[in-house]
Amino acid sequence: MVDAEVAPPTSREQDAVRVLLIIAAAGTPVTPATATSDAGLADAVSVLETQVKLQKIDFWVRNPDFLALTLLKDFETSREPYLLELADQILASEEPEVRRYPMLRHLFGAYEPLDHALGVLRLAGLVVRRKRGNPGHIQQHDYYLTSRGRAAVDKILLEAPAFTYFVERVNLVAALTEGYGGTQLKARQYLHEEYRDTAIGDRIGSVAARARSRLTELKAEAAGMGSSR
């Protein structure tokens, strides 16, 4: 069951900083061939490929309850203790309530228009967007971080403690999703029925209560397994 709630707003500036941090943390180095074949990318240092991946990472950054529930599902398979510990840290705090910024359920999963945020980043020369495909049939958007964008991220890390939470959360999600493509991340998010069954155009509701209940069950199982050895 999805908890009823009203989505809190996020500002264009907040979105811009969060998206910049995601592109910086989850991007891969730009190849010399790419930098030399496109003059507009001569200053690029890394790239995050596909809007799908950007949106899926953003969903876990904005929804700590779903991130915790995903960690618990991964723990059920791997039994890696650190996954249970990470989920416990999130769910023992107020993050699922005070750090949650719901997203819309789009035809292809969680989605939120990021044009304004990306416009801020592009206008400042921090990010360059490139499209793949043909006019009228764009297949993919790629987001390149420039050296100026990297410097801006470094400045945020050193001089903007107000963003410490998002820096740490973005880095965690980037590490957990390293090596996964956007389609693979989308499939993982569709494993949750609350996500999958949300009507298109509605905001995806909280699963904090279910995540906390499942955490209690798994901690009891883990404790039982430990005492029986």
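To be clear, the structure that these remarks concern was listed above.
Quick caveat, the model's predicted, so the values are computed rather than measured.

Q: Just to check I follow, could you spell out the packing of aromatic side chains for this structure?
A: The geometry of an aromatic ring pair is captured by two quantities: the separation of the ring centres and the angle between the planes. Counted according to the given criterion, the structure contains six aromatic pairs. Ring geometry for Phe59 and Phe66: centres 5.1 Å apart, planes at 55°, overall tilted. For the pair shown, Phe59 and Phe66 are each scored as buried. Positioned above the aromatic ring of Tyr165 is the side chain of Arg99, whose terminal nitrogen or guanidinium carbon lies 4.2 Å from the ring centre. Here Arg188 stacks its cationic end above the ring of Tyr180, 5.0 Å away from the centre of that ring.

Q: I would appreciate a short explanation of the environment of Ser46 in the present structure.
A: Within the secondary structure, Ser46 is located in strand β2 (residues 44-49). On a C-alpha basis, the gap between Ser46 and Asp202 in space is 34 Å, while along the polypeptide they are 156 residues apart. Those residues in contact with Ser46 that sit more than four places away from it in its chain are Ile23, Gly27, Thr28, Pro29, Val30, Tyr143, Tyr144 and Leu145.

Q: Where do I start with the layout of surface pockets in this structure?
A: Taking a probe equal in size to a water molecule and rolling it over the atoms shows the remaining empty space. Approximately 420 Å³ is the volume found for the largest pocket. Along the wall of the largest pocket there are 16 residues; nearest its centre are Gln51, Val52, Gln55, Phe108 and Tyr111. Listing elements by their share of the lining of the largest pocket, those giving two or more residues are α3 (51-62), β4 (109-111), β6 (137-146) and α10 (182-189). It is α3 that provides the largest number of residues to the lining of the largest pocket, a total of four residues. Class assignment for the residues of the lining of the largest pocket results in four nonpolar, 10 polar and two charged.

Q: Is there a simple way to think about unusual backbone geometry in this case?
A: For residues that are not glycine, phi is negative in most cases, and the peptide bond is trans in most cases. The backbone phi angle of Thr50 is positive, close to 80°, even though this residue is not glycine. Considering the arrangement of structural elements, one finds Thr50 in the loop between β2 and α3. Using a relative accessible area of 18% as the deciding quantity, one classes Thr50 as buried.

Q: What is the right way to look at the pattern of salt bridges in this model?
A: Where charged atoms from two side chains of opposite charge approach closely, those side chains can pair. Counted under the stated rule, the structure contains 17 salt bridges. Among the ionic pairs, Arg132 bridges to Glu49, the shortest N-O distance being 3.2 Å. On the criterion of sequence distance, the pair formed by Arg132 in strand β5 (residues 127-134) and Glu49 in strand β2 is long-range, its members being 83 residues apart. Its relative accessible area of 37% is what places Arg132 among the partly exposed residues. Overall, the relative accessible area of 40% leaves Glu49 in the partly exposed class. A salt bridge links Lys219 to Asp88; the shortest N-O distance between them is 3.2 Å. Linking Lys219 in helix α12 (residues 208-227) with Asp88 in helix α5 (residues 81-91), this pair joins segments that are 131 residues apart in sequence.

Q: Is there a simple way to think about the side chain of Arg105 in this case?
A: Mapped onto the elements of the fold, Arg105 is located in strand β3 (residues 104-106). Summary of buried charges: Arg105 has no salt-bridge partner, and the nearest side chain of opposite charge, Asp197, is 6.9 Å away. A polar contact is formed between the side chain of Arg105 and the backbone oxygen of Tyr195, at a distance of 3.4 Å. Excluding anything up to four places from it in sequence, Arg105 contacts Tyr190, Tyr195, Arg196, Thr198, Ala199, Ile200, Gly201, Asp202 and Ile204.

Q: Hey, could you run me through the sheet that holds β5 in this one?
A: Two pairing modes exist for strands in a sheet, parallel and antiparallel, and in both the strands are linked by backbone hydrogen bonds. Strands sit in the order β1-β2-β6-β5 across an open sheet of four strands; the sheet is antiparallel. Across the chains shown, the open sheet's two edge strands, defined by having one partner strand only, are β1 (28-29) and β5. Strand direction decides the pairing type here: β5 and β6, joined by eight bridges, are antiparallel. Residue pairing in the sheet places Val127 in a bridge with Leu145 of β6. Here helix α8 (residues 147-159) sits on the sheet in contact with β2 and β6, set at roughly 60° to β6.

Analysis parameters
- Each chain has its residues counted from 1, following the order in which its sequence is written.
- In keeping with the model being predicted, local features are shown solely for residues with a pLDDT of at least 70 and side-chain atom pairs are shown and tallied solely at 80 or more, while totals for entire chains, interfaces and linings include all residues.
- Where side-chain values are given, they derive from all heavy atoms of the structure, hydrogens and water being excluded.
- Here a Phe, Tyr or Trp ring, Trp counted by its six-membered ring, pairs with any other such ring whose centre lies within 6.5 Å, and the pair is stacked when the planes are under 30 degrees apart, edge-to-face when over 60, and tilted otherwise.
- The rule is simple: take the accessible area with a 1.4 Å probe, protein chains only, and divide by the maximum for that residue type; under 20% is buried, over 50% is exposed, in between is partly exposed.
- Geometrically, a lysine NZ or arginine CZ counts as sitting over a ring once it is within 6 Å of the ring centre and also within 35 degrees of the ring normal.
- By definition, any uninterrupted DSSP run of H or I lasting at least four residues is a helix, any uninterrupted run of E lasting at least two residues is a strand, and each is numbered from the N terminus.
- Residues are treated as being in contact if the distance between any of their heavy atoms lies within 4.5 Å.
- A cavity here means a set of points on a 1 Å grid, drawn over the protein atoms and nothing else, where a 1.4 Å probe fits but cannot get out; a pocket is an open set with protein on both sides within 12 Å along at least five of seven lines, and a residue lines either one if it has an atom within 4 Å of a point.
- Grid points are joined across faces, edges and corners, and a volume is the space filled by probe spheres set on the points.
- Residue polarity follows a fixed list, in which Ala, Val, Leu, Ile, Met, Phe, Trp, Tyr, Cys and Pro are nonpolar, Asp, Glu, Lys and Arg are charged, and the others, Gly among them, are polar.
- Just to be clear on terms, a salt bridge is a Lys or Arg side-chain nitrogen sitting within 4 Å of an Asp or Glu carboxyl oxygen.
- The convention is simple: Lys and Arg are positive, Asp and Glu are negative, and His and the chain ends are not counted.
- Polar contacts, as used here, are pairs of N or O atoms within 3.5 Å; protein pairs need one atom able to donate a hydrogen and one able to accept it. Residues neighboring in sequence count only if both atoms are side-chain atoms.
- Two strands qualify as a pair provided that DSSP identifies no fewer than 2 bridges between them.
- Whenever a helix is involved, its axis is fitted only over the stretch in contact; in every case the axis is a line through C-alpha atoms, and angles between N-to-C directions fall within 0 to 180 degrees.

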